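Spelled out, the chains give:
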Amino acid sequence: GVQTCALPIFSVTTEGDIKIIHLKPPIVVRDFATALGLKPFKVISEMMEMGIFASMTQSIDETVASKIAEKHGFLLDIKHRGDATTQQAQKEKDKDKAKAAAEDESKFLVPRPPVVCILGHVDHGKTSLLDAIRKANVAAGEAGGITQHIGAYQIEFNSRKITFLDTPGHAAFQKMRARGASVTDIAVLVVAADDGFMPQTDEALKHAQDAKVTLLVAVNKMDVKGANLDQVKAQMQQRNIPPVDWGGEVEVVPVSALKGTGIPELLEMIQLQADVLELKANPKAPASGVVIESQIDVGRGPVATVIVQRGTLKVGDAIVCGPHWAKVRALFDDQGNNLKEALPATPVRVIGWSGTPDSGAQFKAVKNAREAEGLAEEEQQKQRKAATSADAAPKEVSVETLFANIAATQQKTLKVIIKTDVFGSSEAVRNVLEGIKSTKVSLEIVSTDVGLVTKNDVLMASAAGTLILGFNTKLENGVTPLAKHHGVRIETFSIIYELGDKVREMMADLLEPDIKEIKTGAAEVRATFPLAKGFVAGCLVTEGKVNRNATARLRRGREIVHEGKVATLKRFKDDANEVRAGLECGIKLDDFNGYQVGDVIECFEIQKVRAAL
Ligand code: GDP
């Protein structure tokens, strides 16, 4: 039944046992508490437990609100008018944009290309679509360049540029968001026309909505038999994101990545949406932006792909990014072309780093290399301090990191830092590790570097909660005691498959072990004897052996009457540790006295077995 509450800010309905609160953002603490039937103070204190501080009149992040509601047995139905491209989302985006814009003098603002990411269920064609878009562009423009996957690329369509993140999959998207980076303007949700919405499609949709980016739906595989565009549209309707031609706000473009059809229409639609967003940036400002990915390149040292968000990044600039810094030695685009400078929304590979910055980390240009190095050093010291201080818990926990942490503990992750003798072997180690497949535990390579395992590695590992894998390398003096002090595990190897096996083992060790019962013996109750307190069973061991303290089960026919431990085991008058088959003994189980002749006492050994990956 549905019953509606007459308050204007929210309504509550019930469906079966489930109570649903319908409300519109912003979710203000006071109203939210009323909706839950709680005192606002209670909501505030629950948020504090989550590391979030809010007053009565402040608004709550939707994910946080959902968590709290769930705790009190409610589901939240947050009504964005329409969907991710709604006015509300738009307003917030506008607000952010306005803030950034206010910093710049508006006269310097010039239009910038949109940054687009592609999300969707596995095998629905994200990679194919990214390739098709790229190919279409190369055919139209300067062919011959060697395309490299650097984490992002830029194309030109109708003489205007579009930047695509080509790390498909929302893991990458989430990772960037978890670090607070909002680099994307538009998310293209790929849905296979024959499959329709799948679990990861919904997940991706949720991420896009949470990130408040403009949403477009590309219905892929229109060429296959069984392609059903209307079904996808109906599914969109069900998910409260009705397509434009059904009176909603989300544009739908049918495509075939395989045949290359619909790609121009998709690109056109992206540009239309970009026009609506009025994306602008100041190319004259000092450069800043976000790291997309980084790695160590043979011959070039650490290399990072970045997207410039503001300003223009030039060769010779000094930039700082967390504990790392760079004097920009060279810039390359995704075709491997050498660039002098990169304008806003341009993805470039930057050479000249002191180390490999994290994906999602923000970088900014500073006055000179000295300042960059100084700032990076400061950050390193801060990290070291955090690592060495007794309670290394970060004080300020953002909602994003909070949930990233929660998610990380649910989906177990083994994080590793790799140190090897030469670049070549780090590639080999990476290959072996990437070959380990598991649905239950993920493996995260936090960094790879060449050289000895240093004290700094230990501090970093301690701060990041990783272990250190050394391959064909040794430990610097003093590393062992420091690692012991910080509880950092270091494993070194000289044989690659041993490394793989060990990592597989360590990943499995993160899982709850499978519990296995091994029957060790059984005894039949032949008589019962009263004691001062309770009874003892006179038994004949019929199978295996009975041990004192063994886990035991008392069976009466098919029924299990009691489970416990063998508390007392006697052979005649004496205590015994073990009685073998064929012998008589007295057994008393803990907390049990109701033995009957004919009962069978079965004994077990509980073994913990390493779970399968
Ligand atoms: P991803 O996991 O989402 O990146 O999906 P992929 O791009 O790897 O594509 C998965 C499979 O679908 C591959 O075998 C592709 O060849 C196929 N595929 C992708 N796009 C199309 C399409 O438009 N039509 C058809 N028939 N197959 C496609």
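Just so it is clear, the model here is predicted, and its values are computed rather than measured.

Undergrad: Quick rundown of the site of the ligand? Include the residues and the values.
TA: Lining the immediate surroundings of the ligand are 15 residues, of which D123, K126, T127, S128 and D223 lie closest. Here an oxygen atom of the ligand and a backbone polar atom of K126 are 2.8 Å apart. D223 is positioned such that a nitrogen or oxygen atom in its side chain is 2.7 Å from a nitrogen atom of the ligand. Within the complex, the protein chains bury 73% of what would otherwise be the 580 Å² of accessible surface of the ligand. Take the shell around the ligand: its biggest share by element is three residues, from helix α5 (residues 126-140). When the residues that make up the shell around the ligand are grouped by side-chain class, the tally is four nonpolar, seven polar and four charged.

Undergrad: Lay out the environment of V122 with the relevant residues and their values.
TA: Within the element layout of this structure, V122 appears in the loop between β7 (115-120) and α5. The class for V122 is partly exposed, based on a relative accessible area of 46%. C-alpha separation for the pair V122 and M198, spaced 76 residues apart in sequence, amounts to 9.1 Å.

Undergrad: With reference to specific residues and values, describe the pattern of salt bridges.
TA: In the structure shown here, the tally under the stated rule is 27 salt bridges. The partner of R239 in a salt bridge is D202, with the nearest N and O atoms 2.5 Å apart. Taken as a pair, R239 in the loop between α8 (229-238) and β12 (251-254) and D202 in helix α7 (residues 199-210) lie far apart in primary sequence, 37 residues in all. Residue class for R239 comes out partly exposed when judged on its relative accessible area of 25%. One salt bridge connects E578 with K545, and the closest N-O pair in it is separated by 3.9 Å. In this pair, E578 is assigned in strand β32 (residues 578-580) and K545 in strand β28 (residues 535-547), connecting sequence segments 33 residues apart. K545 gets classed as partly exposed once you look at its relative accessible area, which sits at 26%.

Undergrad: I'd like a description of the confidence of the model for the chain, backed by residues and values.
TA: Scored by pLDDT, the chain comes out at a mean of 83, with 85% of its residues at no less than 70. Note that pLDDT drops below 50 for residues 1-7; the model gives that stretch twelve contacts with residues more than four away or on any other chain. For residues 83-87, every residue scores under 50 in pLDDT, and the model assigns this stretch 16 contacts once sequence neighbours within four places are set aside.

Undergrad: Just give me the short version of the packing of aromatic side chains, but keep the residues and values in it.
TA: This model, assessed by the stated rule, comprises two aromatic pairs. Plain terms: the ring middles of Y153 and F164 are 5.6 Å apart, the flat faces sit at 35° to each other, and that makes the pair tilted. Placement of Y153 in strand β8 (residues 152-157) and of F164 in strand β9 (residues 160-165) is noted, with a sequence separation of eleven residues between them. For the pair formed by Y153 and F164, the shared burial category is buried. Aromatic side chains F592 and Y595 sit 5.1 Å apart centroid to centroid with 85° between the ring planes, which places their arrangement in the edge-to-face category. Here F592 falls in the buried class, since its relative accessible area comes to 11%.

About the cut-offs
- Residues numbered from 1 in each chain as written.
- Predicted model: local features only at pLDDT ≥ 70, side-chain atom pairs only at ≥ 80, totals over all residues.
- Heavy atoms only, no water.
- Near = heavy atom within 4 Å.
- Polar contact = N/O pair within 3.5 Å; in protein donor to acceptor, adjacent residues only side chain to side chain.
- Areas by Shrake-Rupley, 256 points an atom, 1.4 Å probe, with all protein chains shown as cover.
- Helix = DSSP H or I, 4+ residues; strand = E, 2+ residues; numbered from the N terminus.
- Nonpolar A, V, L, I, M, F, W, Y, C, P; charged D, E, K, R; others polar.
- Buried < 20%, exposed > 50% of the residue type's maximum accessible area, 1.4 Å probe, protein only.
- Salt bridge = Lys/Arg side-chain N within 4 Å of Asp/Glu carboxyl O.
- pLDDT = per-residue confidence, 0-100.
- Contact = heavy atoms within 4.5 Å.
- Phe/Tyr/Trp six-rings, centres within 6.5 Å; stacked < 30°, edge-to-face > 60°.

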